[in-house]
Amino acid sequence: MGVAIPGNDLLGVLMESNSRINQDHGNKNVGMSVEDIIEECKLFYIAGSETTSSLLVWTMVLLGQHPKWQTQAREEVNRVFGRAEPSYEDLNQLKIVTMILQEVLRLYPPAPFIVRGSTETVKLGNLTIPKGVHLTLLIGLLHYDPKIWGDDAKEFRPQRFSEGVSNATNIQSSFVPFSAGPRVCIGQNFAMTEAKIALAMILKSFSFELSPSYLHSPFSVVTLTPQFGAPLILRNLESKSNVDNCKQPSSSPGSTNNKLS
Ligand code: HEM
């Protein structure tokens, strides 16, 4: 039976660094409490899984609605990886897939708002914000603003990211699906890597379209999800007969059949 090596996973890293800090301070309890460590692990679990699955679900929805982009992304994946499994080293060659994921993050930011509390009275433009106020920034207000993105702000146009994020708008810091500043999402690179690998694997094996029973209703339960699920019709590209061997469309929007979310 394998023995767990301290520091080999998130809990181990937190425990080890905590005990080092305490040792450096003459074994006084100055580091994180056990509760802090538990909360940190919970945060990573929730912040790390729901968000990435939201990104993947909306990507499937949008590629189901935009088959040309789906085909282009699949062609790129096949060109880069051939018959091999997607590899970490080759992920940065996925330009179209990256543009698509960025456009999905713009239109359906998985964490749709950011909350900040004022620790002192501050002036923000014409506003005076007293100490102790909670401010909620709706990311969508920035991501859908035609002054920032142009008249097509509400449309799915991955090509706007073809020259990178900084050239997609003329106003910096207006693309903030992972927030910005000192509290920027710590897992953003990991999330993009995960999403690219998952999407590449799906695209290699399946073509898909939205079921007619899909009802468009973005809904925020902390993360942004399709309220009635994302029923999709998948076709296995690897089966010789290329038969529609996957699920049939569900009959009602609330059905759990075929839901990817
Ligand atoms: C598409 C996927 C993801 C999105 C859109 C996302 C977005 C965000 C956003 C908007 C914040 C708020 C930052 C703020 O309050 O300013 C955040 C924080 C955080 N995220 Fe992510 N995230 C994603 C994936 C992940 C993953 C995969 C992990 C971990 C493996 C992760 C770990 C965290 C943690 C620990 C925080 C809190 C950081 C802090 O408060 O200093 N996230 N994320």
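Scroll up to find the structure.
Quick caveat, the model's predicted, so the values are computed rather than measured.

A. Local environment of the overall build of the protein chain. Counting its regular elements, the protein chain contains 7 helices and 8 strands. Burial statistics for the protein chain: of 261 residues in total, 37% are counted as buried. Roughly 15,900 Å² of accessible area belongs to the protein chain as shown, and the carbon and sulfur atoms make up 57% of that amount.

B. Region of the structure containing the coordination of the iron atom of the ligand. Looking at the iron atom of the ligand, one finds just one donor atom contributed by the protein, Cys185 (SG), at 2.3 Å. Mapped onto the fold, Cys185 is located in the loop between α6 (146–149) and α7 (188–205).

C. Broad picture of a nonpolar patch on the surface. On the surface, a nonpolar cluster with roughly 370 Å² of combined accessible area is contributed by Phe113, Val115, Leu138 and Leu141. For Val115, the position within the fold is in strand β1 (residues 113–117).

D. View of the site of the ligand. Near the ligand lie 20 residues; those nearest to it are Thr51, Arg116, Ser179, Arg183 and Cys185. Within the backbone of Ala47, a nitrogen or oxygen atom sits 3.4 Å from a nitrogen atom of the ligand. The separation between an oxygen atom of the ligand and a polar side-chain atom of Arg116 is 2.4 Å. Its atoms largely coinciding with the cavity grid, the ligand occupies the largest pocket.

E. A look at the packing of aromatic side chains. A full pass over the atoms with the stated rule returns 4 aromatic pairs. Pairing Phe161 with Phe175 gives two aromatic rings, centres 5.1 Å apart and planes at 55 degrees, and the pair type is tilted. One end of the pair, Phe161, is in the loop between α6 and α7; the other, Phe175, is in the loop between α6 and α7, with 14 residues separating them in the sequence. The burial state of Phe161 is the same as that of Phe175; both residues are buried. Chaining the aromatic ring pairs together yields one cluster made of Trp149, Phe161 and Phe175. The side chain of Arg106 reaches across the aromatic face of Trp149, ending 5.1 Å from its centre.

F. Highlighting the packing of helix α1 (residues 10–24) against helix α2 (residues 34–65). Relative to each other, α1 and α2 sit at 150 degrees, their axes nearing to 10 Å. It follows from the interaxial angle that α1 and α2 lie roughly antiparallel. Between α1 and α2 lies a crossing of right-handed hand. Each of Leu10, Leu11, Leu14, Met15 and Asn18 in α1 lies in contact with α2, whose residues at this interface are Ile37, Glu40, Cys41 and Phe44. Here the residues of the contact of α1 with α2 sort into 7 nonpolar, 1 polar and 1 charged.

G. Quick look at the layout of surface pockets. Roughly 1,200 Å³ of internal volume is contained in the largest pocket. Considering the residues around the largest pocket, the lining is formed by 33 residues, among which Leu43, Ala47, Arg183, Cys185 and Ile186 are closest to the centre. When contributions to the lining of the largest pocket are tallied by element, the ones reaching two or more residues are α2, β1 and α7. Here the element with the most residues in the lining of the largest pocket is α2; it accounts for 10 residues. In the lining of the largest pocket, the residues fall into 22 nonpolar, 6 polar and 5 charged.

H. Summary view of the pairing of strand β8 (residues 232–236). Along β8, 4 of the 5 residues are buried, which leaves the element largely enclosed by surrounding structure. Both strand β5 (residues 206–210) and β8 contribute to a ladder of 5 bridges, which runs antiparallel. From the neighbouring strand, Glu209 faces β8, where its bridge partner is Ile233.

Reading the values: the criteria
- Residues numbered from 1 in each chain as written.
- Predicted model: local features only at pLDDT ≥ 70, side-chain atom pairs only at ≥ 80, totals over all residues.
- Heavy atoms only, no water.
- Helix = DSSP H or I, 4+ residues; strand = E, 2+ residues; numbered from the N terminus.
- Buried < 20%, exposed > 50% of the residue type's maximum accessible area, 1.4 Å probe, protein only.
- Areas by Shrake-Rupley, 256 points an atom, 1.4 Å probe, with all protein chains shown as cover.
- Donors = N, O, S within 2.8 Å, 3.2 Å for Na, K, Ca; no water.
- Patch = residues over 30% accessible without salt bridge, like charges linked within 9 Å, V, L, I, M, F, W, Y side chains within 5 Å.
- Salt bridge = Lys/Arg side-chain N within 4 Å of Asp/Glu carboxyl O.
- Near = heavy atom within 4 Å.
- Polar contact = N/O pair within 3.5 Å; in protein donor to acceptor, adjacent residues only side chain to side chain.
- 1 Å grid on protein atoms, 1.4 Å probe; cavity = no way out; pocket = protein on both sides within 12 Å on 5 of 7 lines; lining within 4 Å.
- Sits in = over half its atoms within 2 Å of the grid points.
- Phe/Tyr/Trp six-rings, centres within 6.5 Å; stacked < 30°, edge-to-face > 60°.
- Lys NZ or Arg CZ within 6 Å of the ring centre and 35° of its normal.
- Axes fitted to C-alpha atoms, helices over the stretch in contact; angles between N-to-C directions.
- Parallel < 35°, antiparallel > 145°, perpendicular 65-115°, else oblique.
- Left-handed = near helix turned anticlockwise from the far one by under 90°.
- Contact = heavy atoms within 4.5 Å.
- Nonpolar A, V, L, I, M, F, W, Y, C, P; charged D, E, K, R; others polar.
- Points joined across faces, edges and corners; volume = space filled by probe spheres on them.
- Pairing = 2+ DSSP bridges.

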